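One-letter residues, chain by chain:
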Amino acid sequence: MSQPSPFQSEVTLSTSHGDYLIHSLPKLAESGLSGVESLPYSIRVLLEAALRNCDGFIVSEENVRDIANWGPDKAGQVEIPFMPGRVVLQDFTGVPAVVDLAALRAAMVRMGGDPKKINPLVQCDLVIDHSVQVDAFASGMALQQNLDLEFERNQERYQFLKWGQQAFQNFRVVPPATGIVHQVNLEYLANGVLSKPIDCVDGKQSAARIAYPDSLVGTDSHTTMINGLGVVGWGVGGIEAEAVMLGQPIYMLLPEVVGFKLTGQLPEGATATDLVLTATQMLRSHGVVGKFVEYYGPGLDQLSLADRATLANMAPEYGATMGFFPVDAETLRYMERTGRSPETVELVEKYYRAQGMFRTADSPDPRFSSTLTLDMSTVEPSMAGPKRPQDRILLSGMKSQWEQDLAVTFKKTNGIKDSTPGSMASEGGIAVAVEADPGFAGVAVEGTDYALKHGSVVIAAITSCTNTSNPSVMVGAGLLARNAVAKGLSSKPWVKTSLAPGSRVVTDYLDRADLSKSLDALGFNLVGYGCTTCIGNSGPLPAPIADAITKGDLVAAAVLSGNRNFEGRISPHVKANYLASPPLVVAYAIAGTTDIDLSSEPLGQDKQGNDVYLSDIWPTQKEIADTIASSLTPEMFIEQYSKAANGPPEWQAVATSTGDIFEWDDASTYVQEPPFFVEMPAEPPPIDSINGAKCLVSVGDSTTTDHISPAGAIKKDSPAGKFLQENGVPPEDFNSYGSRRGNDRVMTRGTFANIRLRNLLAPGTEGGVTTYLPTGETMSIYDASVKYKQTGTPLVVLAGKEYGTGSSRDWAAKGTYLLGVRAVIAESYERIHRSNLVGMGVLPLQFREGEDRTTLELDGTETFDIRLDDTLKPQQAIEVTATKPNGDQTHFVTTCRIDTPVEVVYYRHGGILHTVLRQLAKG
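About the criteria used
- As a convention, each chain's residues are numbered from 1 in the sequence order in which they are written.
- Local features in this predicted model are restricted to residues whose pLDDT is 70 or higher, and side-chain atom pairs enter the listing and the counts only when it is 80 or higher, whereas totals over whole chains, interfaces and linings include all residues.
- Based on all heavy atoms of the structure, the side-chain values leave hydrogens and waters out of the count.
- The secondary structure listing takes helices from DSSP runs of H or I that are at least 4 residues long and strands from runs of E that are at least 2 residues long, numbered from the N terminus.
- We compute the radius of gyration over the C-alpha atoms and compare it with the globule rule, which gives 2.2 Å times the number of residues raised to the power 0.38.
- The buried label applies to any residue whose accessible area, calculated with a 1.4 Å probe on protein chains only, is under 20% of its type's maximum; exposed applies above 50%, and partly exposed to all values in between.
- We call two residues in contact when some of their heavy atoms are within 4.5 Å.
- What counts as a salt bridge is simple: a side-chain nitrogen of Lys or Arg found within 4 Å of a carboxyl oxygen of Asp or Glu.
- Paired strands are those between which DSSP finds at least two bridges.
- Lines fitted to C-alpha atoms define the axes here, with helix axes fitted over just the stretch in contact, and angles between the N-to-C directions of these axes take values from 0 to 180 degrees.
- pLDDT expresses, on a scale from 0 to 100, how confident the predictor is about each individual residue.

Draft legend 1. Just the overall build of the chain, in detail. What the chain contains, in helices and strands, is 31 helices and 34 strands. Taken against the 2.2 N^0.38 rule, which gives 29 Å for 923 residues, the C-alpha radius of gyration of the chain at 27 Å falls within 12% of a compact globule. In terms of overall dimensions, the chain has a C-alpha envelope of 85 × 75 × 60 Å along the principal axes. With 923 residues in all, the chain has 62% of them scored as buried. Restricting the contact set of the chain to residue pairs at least 6 apart, pairs at least 24 apart contribute 76%.

What follows is the structure in structure tokens.
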């Protein structure tokens, strides 16, 4: 039954295949709420959701009016509920989500309730895409070999997911070797408009179904890719997504919306990747963390939907909640091109036109909180690195920037003889004192006739949904490879090359265009359909390469077409990581080094010994467009996705248990019942002060969720590695942290275990170590946490700016909680991680403007007392007392970053899921 709107906004929308009930925004505007038609399109989607769900309980009339009255002065001031239409998961975050649902069912049984109450109430799709690793490469057998290893390593996880598929309603699993979650969502799962059956409205028969905008949240920060299709959606932590699955709304502050105006069109030689790196740099500089970004302007008509999706995908890199594009004619064309049914396309067009939400070239610009403008004709070929996606480098300046980064960032020299202090400064550069470094002379690689140097590219990966979803850059890479092969060029032998598209359709059109064989000839053989290198699953480097890097302490490089290049993420042996378009990935594989100016220096020589430059082999925009037109058809999408649910034979052969309650296996090293709900009291205790806390970790600016909870390799001498070996798992079968997120024993030991973590409490070290303050011993962070737990000592984390940047990794909060951390005190937080901390009952506090650890002279050796009581309010001032070992005290006031009233409730209960469980147990 559909709830009649108190605003009487229901109207009937007629289509060729039936009538739908919709909640009309134009009719709402007629009721006296003026200005609806000038709202940002993204805000109109939130407004429709509030209007449709307005029941006076979860969503109030005041909520509807607040959203309808959105304006720059109101944004960030009022809390609103949002009930997304569906949830999308990937397996790294999806497995722990399903583990939590299974644990909630077990807890419900212990509390005497009905376990079937724990069930997704909205459609939930889990795409298995994060588990394939690049072990085999540069071989026609690489795809099958990597697939065999994937199933060998992940059998337990896949058995568990198959159990979840049969145990829960509204829960689908897209099997391995199908594609990357965001590309599958863009090409297949998203419909633009959702609908569901209704029986009656206000006691009267009406249309058979209600229609409403497609919307979602996902357990991956790059869920925003779907914004390119005009679908509202963003990444949340697994715990928040689980709450949505269980019927809870997302509570959020009404966001600011930054308008990003696009004009002109991309010039010859520039790609969508160059455009998004330019936009990322601009938006990071502008400051859009926690805000919506909405693209507008005449430039939209010059962008394909795939280009828009590339811009939307990297919203987390510029810090925004979303990077939204409104629905328009290009949206409909894309849906047709990707095989959506005529009925679906018709419904999308008629729905958005009826709602006044269909953008055309004549549509007036919405009003925004602030605006930026980019003339796309000024975009130049670019890269980003060596550690952050917002650090854009013009391709023409790459060589000089590399030399500067080598000296400044990595404190190395590449053989520059004039190292007189001040010699660079006198020319307007930076004076850097560096010691002589043998790495510039090269380190011989055993069994070869070549040596590696600083800047040697050892990984070149065409990877990630950001770019593999875009035919223009994929075809561009194929054409460049074809031209390079024709000139007699080849990839350097020390480069680990790989091609991992986000959809099987990519293989189809590359094959039809006769480009696959050219990519293969350069070593870019198909290695799998999944995230691979972008998520850190780059696989091991050949042993002689890794040994040479280690022996020479070399700053080796990776060039990848991904969205993340954080330190320690791509490979433990690679310190410099650069984001680039797929054609540039191919070019750097040929060059073999970052110490080159591709705009003026030759890539190599042709068969006649003539220099070959990048410009000689770069395809034109017309070549790319013509190739796409002749090789890509809707039938490819229909054919591939019609059999997506089946999966490869290896998936079909996975056997699993059945039943509503999962049978936990104590011997499993992949799936265990987490302790979150074990012995949980029926009522929460009151909020109380945190006294006598010690600092476990103190970190600087831009500490990422990769630093807090790494996804990549498990070192055998780490606490997690020792635990696995003690439980009979040899190092060659460790798999990755990401694959073991269903086991809290592994993940707690892996928290703050990133090899590149720099804990200021253990100066001079790198990795997951700390100082155990009672004795001054240096030990692993996990071992120290165990000692603190034995004495009942609560813990805190001290941090700088942008704490929790990066992936929407719920284990970064779960692991923090399980280590015994009760509060984090940081200068600022990235949106998702702050929310996740609250969702796990960890208190996020923020230093006041102008204060930080340095100004307050906090070195982490203090004992912290945090004054709280049960009257806690959102963003309340919280007093902290830090007592030094000599008894001196520092008193300071922080801002509690529990931002909304409902988050206070979550914190009081110990987390979101604890709150939901108690509610459901009470009926």
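So much for the structure itself; the text now carries on.
Draft legend 2. Looking closely at the pattern of salt bridges. All chains considered together, the criterion is met by 44 salt bridges. The shortest N-O distance in the salt bridge between Asp 125 and Arg 172 comes to 2.5 Å. Taken as a pair, Asp 125 in strand 5 (residues 123-127) and Arg 172 in strand 6 (residues 171-174) lie far apart in primary sequence, 47 residues in all. Residue Asp 125 is classed as buried on the basis of its relative accessible area of 2%.

Draft legend 3. The arrangement of the environment of Arg 65 in detail. Along the chain, Arg 65 falls in helix 3 (residues 61-68). Judged by relative accessible area, Arg 65 falls into the partly exposed class, the value being 37%. Separated by 154 residues in the primary sequence, Arg 65 and Thr 219 place their C-alpha atoms 30 Å from one another. What Arg 65 contacts, discounting residues up to four positions off in sequence, is Phe 7 and Leu 33.

Draft legend 4. Seen up close, the sheet that holds strand 29 (residues 795-798). Taken together, the seven strands give a closed barrel; going around it, the order is 26-29-30-31-34-33-32, and neighbouring strands pair in mixed fashion. Taking each pair of neighbouring strands and ignoring which way they run, the sheet shows an average axis angle of 40 degrees. Of the pairings in the sheet, the one linking strand 33 (residues 877-883) to strand 34 (residues 889-896) comprises seven bridges and is antiparallel in character. By the bridge assignment, Thr 881 is partnered in strand 34 with His 891. The strands touched by helix 27 (residues 781-790) within the sheet are strand 26 (690-698) and strand 29, with strand 26 carrying the most contacts at an inclination of about 170 degrees.

Draft legend 5. Molecular detail of the confidence of the model for the chain. Looking at the chain, pLDDT values average 92 and 96% of them are 70 or higher. Taken together, the stretch residues 416-435 has pLDDT below 50 and engages in 16 contacts with residues farther than four places along the chain or on a different chain.

Draft legend 6. A look at the side chain of Thr 915. Inspection of the secondary structure assignment puts Thr 915 in helix 31 (residues 912-922). We classify Thr 915 as buried; its relative accessible area is 3%.

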